[in-house]
Amino acid sequence: MASLDSALIAIERACGSGSVIRDPSLLEGYAQDESETEPCMPEAVVRATSTADVSAVMKAAYEYEVPVTPRGGGTGRVGGAVPVPGGIVLAFEKMNAIQGIDKQELTTRVQPGVILGELKRVTEEEQLFYPPDPNSLDSCAIGGNLATNAGGPRAFKYGVTREYAMGMDVVLADGTILKLGRETKKGVTGYDLTALMVGSEGTLGIVTEATLRLIPKPESTVTAMACFSSLDEVAPVVSALLAQGELPACIELLDEEAIRIVRPEAGLTIPNETKAMLLIELDGEEARLETELERTGNILFDLDALEVLVAQHSGERERLWASRRELSHSLKRQAKNKLAEDVVVPRTKMADLLRYCAELSERHELVIPTYGHAGDGNLHVNFLWDDPDQKARVDEAIESLFRRVIDLRHWSIESAVSSAGTISGADCATGKDQGRLRSEAHPEPG
Ligand SMILES: Cc1cc2nc3c(=O)[nH]c(=O)nc-3n(C[C@H](O)[C@H](O)[C@H](O)COP(=O)(O)OP(=O)(O)OC[C@H]3O[C@@H](n4cnc5c(N)ncnc54)[C@H](O)[C@@H]3O)c2cc1C
């Protein structure tokens, strides 16, 4: 405790009076994140205002051996922002400036506390686009995104945060300040320390500024919802689209249980017999989108889609996405307990994984809603239960899930070729069902 007090005195001296928060009612808000990790109250929170502040905090913490947990929006799903007992939280809500957007170089310079949704809005006003889009975008911060290498639905086409991080200022555990990376488009020599830092979850250093790559904003976007009567029908869709040269911005999958939850909120009428659903977004040049949508629709119908519904305006699109973004929280309300696992398999193995989740649900008599980024083979497998006696079965099912995921990840040329071959180009390119896309003619809300 004496070292903690000494560290906090040194920090307040360096960062200014009021920079250290010790009021328990305020500390409570920093005790947990969006994971199921047990909350832990920090001893103090420091709201940094500059790289120099962060350096001073780390120097003092290093000297007095006090653990520090950096925190962005606190939306992490693995407990990374939950403080270490006896430690302090370094919070970035005051370091939230978008310091500039360079329209010539297609870059932006930001502080770590910038909320991702805000950066998206501001860059889009300049007709530019920052693609990483975790579904927490209105509450997560850039520092947290860099630390977790955040992905999101559009990672399928545009990649994850690492692909947009060009350079950054970081503070090491002893307070040393480093400038990493580049400001220029090309920068090929030397170790890529920026890439190393991205995804390191605050264990290697603390990001205090970053230069991010932007791309031109896609001219237009269209969102469609494809409904299927079984999960098995959904599995080959991604390979089929890619085989036909289609690259949607995202392909999100929802199983029957997840559909039941989004159904009242989705805005579009989902047919009753739907057991699996894909949310597909295409973006690009307006003139080409209609043809792409038609081709995509044909592929989906050739794979036995019951219905392909197209959102007619931004309000309808936003409503669909809002129901998808809210899904994780909505699931939490379905049972007393929820454990969400986040697993990835080669996308050609998605069918096996989906089948296995259904098998686990039956074998362990558990509700296991599953949804995720089908384009990346990334599924969120959720275990819901009310009765504490069910927990042992949940643990057993989770262990089996991980074992199966590891098995499915073993690379096998033979299985990759045969899975990709399940849909032949000829099967999908018939175009015989042109005009089968259905749009619900809801008027644009006022
Ligand atoms: C509804 C919902 C949907 C989500 N969807 C997705 C998704 O689609 N894809 C995805 O990838 N994630 C998703 N997430 C998880 C989460 O939003 C992301 O991991 C996000 O990047 C975390 O950002 P944050 O600012 O909230 O970080 P926090 O939770 O505050 O912190 C995360 C980690 O980063 C560290 N950290 C924070 N700031 C810094 C910094 N400046 N320097 C160094 N380390 C730092 C923390 O110590 C911690 O280890 C979702 C979460 C929710 C609640």
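Residues numbered from 1 in each chain as written. Predicted model: local features only at pLDDT ≥ 70, side-chain atom pairs only at ≥ 80, totals over all residues. Heavy atoms only, no water.

Focus on the overall build of the protein
A tally of regular secondary structure across the protein gives 17 helices and 19 strands. Relative to the 2.2 N^0.38 estimate, which gives 22 Å for 446 residues, the radius of gyration of the protein is 24 Å and therefore close to what a compact globule would have. Each of the three principal axes of the protein carries a C-alpha extent, and together these read 75 × 60 × 50 Å. Expressed as a percentage of its 446 residues, the buried residues of the protein come to 50%. Working note: accessible area of the protein is about 20600 Å², and carbon and sulfur atoms make up 50% of it. Within the protein, the 70 negative side-chain charges are centred at a point lying 2 Å from the centre of the 45 positive side-chain charges. (Helix = DSSP H or I, 4+ residues; strand = E, 2+ residues; numbered from the N terminus. Rg over C-alpha atoms; globule rule 2.2 N^0.38 Å. Buried < 20%, exposed > 50% of the residue type's maximum accessible area, 1.4 Å probe, protein only. Areas by Shrake-Rupley, 256 points an atom, 1.4 Å probe, with all protein chains shown as cover. Lys, Arg positive; Asp, Glu negative; His and termini not counted. Charge placed at Lys NZ, Arg CZ, Asp CG, Glu CD.)

As for the layout of surface pockets
Roughly 660 Å³ of volume is contained in the second largest pocket. Of all the secondary structure elements, the ones that give two or more residues to the lining of the second largest pocket are α4 (116-125), β12 (220-228), β14 (276-284) and α12 (314-325). Looking at the lining of the second largest pocket, the element that brings in the most residues is α12, giving five residues. Considered class by class, the residues forming the lining of the second largest pocket number six nonpolar, five polar and 13 charged. (1 Å grid on protein atoms, 1.4 Å probe; cavity = no way out; pocket = protein on both sides within 12 Å on 5 of 7 lines; lining within 4 Å. Points joined across faces, edges and corners; volume = space filled by probe spheres on them. Nonpolar A, V, L, I, M, F, W, Y, C, P; charged D, E, K, R; others polar.)

Some words on the site of the ligand
Around the ligand, a shell composed of 32 residues is seen, among which Pro70, Gly72, Gly73, Thr75 and Ser136 lie nearest. In the environment of the ligand, an oxygen atom lies 2.6 Å from a nitrogen or oxygen atom belonging to the side chain of Thr75. In this structure, an oxygen atom belonging to the ligand sits 2.5 Å away from a side-chain N or O atom of Ser136. Element by element, the count of residues in the shell around the ligand is highest for helix α5 (residues 142-148), at five residues. Within the shell around the ligand, the residues separate by chemical class into eleven nonpolar, 17 polar and four charged. When residues are assigned to domains, the shell around the ligand turns out to be shared by domain 1 (2-91) and domain 2 (98-216), each giving three or more. (Near = heavy atom within 4 Å. Polar contact = N/O pair within 3.5 Å; in protein donor to acceptor, adjacent residues only side chain to side chain. Domains from an automatic or database assignment.)

So, α12
The terminal C-alpha atoms of α12, which comprises twelve residues, lie 16 Å apart, in line with the 16 Å expected from a rise of 1.5 Å per residue. Within α12 the residues assigned to the buried category are Glu316, Leu320, Trp321, Ser323 and Arg324. Taken around the axis of α12, the buried residues stretch over an arc of 155 degrees, which confines them to a single face. (Expected span 1.5 Å × (residues − 1). Arc of directions from axis to C-beta.)

What to know about the nonpolar core
Judged by nonpolar contacts, the single largest core of 47 residues is most densely connected at Phe228, Leu278, Leu353, Phe383 and Leu401. Aside from chain neighbours lying at most four places away, what touches Leu401 is Glu341, Val343, Leu353, Tyr356, Cys357, Leu360, Val381 and Phe383. Listed in part, the 25 residues of the second largest apolar core include Tyr130, Cys140, Leu180 and Val198. (Core = buried A, V, L, I, M, F, W, Y, C linked by side-chain atoms within 4.5 Å. Contact = heavy atoms within 4.5 Å.)

Quick word on the pairing of strand β10 (residues 206-213)
Burial runs high along β10: seven of the eight residues are buried. Alignment of strand β6 (residues 107-110) against β10, held across four bridges, turns out to be antiparallel. When the sheet's bridge partners are listed, Thr108 is paired in β10 with Leu212. (Pairing = 2+ DSSP bridges.)

Observations concerning the domain arrangement of the protein
Along its sequence, the protein is carved into domain 1 (2-91), domain 2 (98-216) and domain 3 (220-426). Each of domain 1 and domain 3 has a C-alpha centre, and the two are 38 Å apart.

Overview of unusual backbone geometry
Notably, Asn149 is not glycine yet its phi reads approximately 50 degrees, a positive angle. Not every positive phi belongs to a glycine, and Glu365 is a case in point at roughly 50 degrees. Note on placement: Glu365 falls in the loop between α14 (350-363) and β17 (370-373). On the basis of relative accessibility, which here comes to 62%, the residue Glu365 falls in the exposed class.

Quick notes on the sheet that holds strand β2 (residues 44-47)
Here four strands make up an open sheet; going across it, the order is β1-β2-β4-β3 and the pairing mixed. In this open sheet, the two strands that pair with only one neighbour each are β1 (20-21) and β3 (68-71). As defined by bridge partners, β2 adjoins strand β4 (residues 88-91) across four bridges and the pair is classed as parallel. When the bridges of β4 are listed, Ala44 appears paired with Ile88. Sheet strands in contact with helix α3 (residues 51-64) are β2, β3 and β4, and its direction is about 165 degrees off that of β4. (Axes fitted to C-alpha atoms, helices over the stretch in contact; angles between N-to-C directions.)

Regarding the state of the cysteines
Tallying each qualifying case throughout the model produces zero disulfides. You can see Cys140 has no disulfide; the closest cysteine sulfur is in Cys250, sitting 16 Å from it. (Disulfide = S-S within 2.5 Å.)

What to know about the sheet that holds strand β5 (residues 98-102)
With antiparallel pairing, the five strands of this open sheet are ordered in space as β5-β6-β10-β8-β9. Looking along the sheet, the strands with just one partner apiece sit at the ends: β5 and β9 (177-181). Here the average twist between neighbouring strands, direction ignored, is 10 degrees. Across four bridges, the pairing between β5 and β6 is antiparallel.

Structural notes on a nonpolar patch on the surface
A cluster of nonpolar side chains, contributed by Tyr191, Leu193, Leu196 and Leu204, occupies part of the molecular surface with about 470 Å² of accessible area. Here Tyr191 is to be found in the loop between β9 and α7 (193-197). For Tyr191, a relative accessible area of 77% puts it in the exposed group. (Patch = residues over 30% accessible without salt bridge, like charges linked within 9 Å, V, L, I, M, F, W, Y side chains within 5 Å. Salt bridge = Lys/Arg side-chain N within 4 Å of Asp/Glu carboxyl O.)

A short note on the environment of Asp174
Inspection of the secondary structure assignment puts Asp174 in the loop between β8 (165-171) and β9. Sequence separation between Asp174 and Tyr62 is 112 residues, and the spatial gap between their C-alpha atoms is 5.5 Å. Contacts of Asp174, omitting those with residues within four sequence positions, involve Met58, Lys59 and Tyr62.

Regarding the pattern of salt bridges
By the definition in use, this model includes 24 salt bridges. Put simply, Arg154 and Asp133 hold a salt bridge, and the shortest N to O gap is 2.3 Å. Of the two residues, Arg154 is situated in the loop between α5 and α6 (155-158) and Asp133 in the loop between β7 (128-129) and α5; the sequence distance between them amounts to 21 residues. A cluster of three or more residues bridged by salt bridges with shared partners is formed by Arg109, Asp169, Lys179, Glu183 and Glu209.

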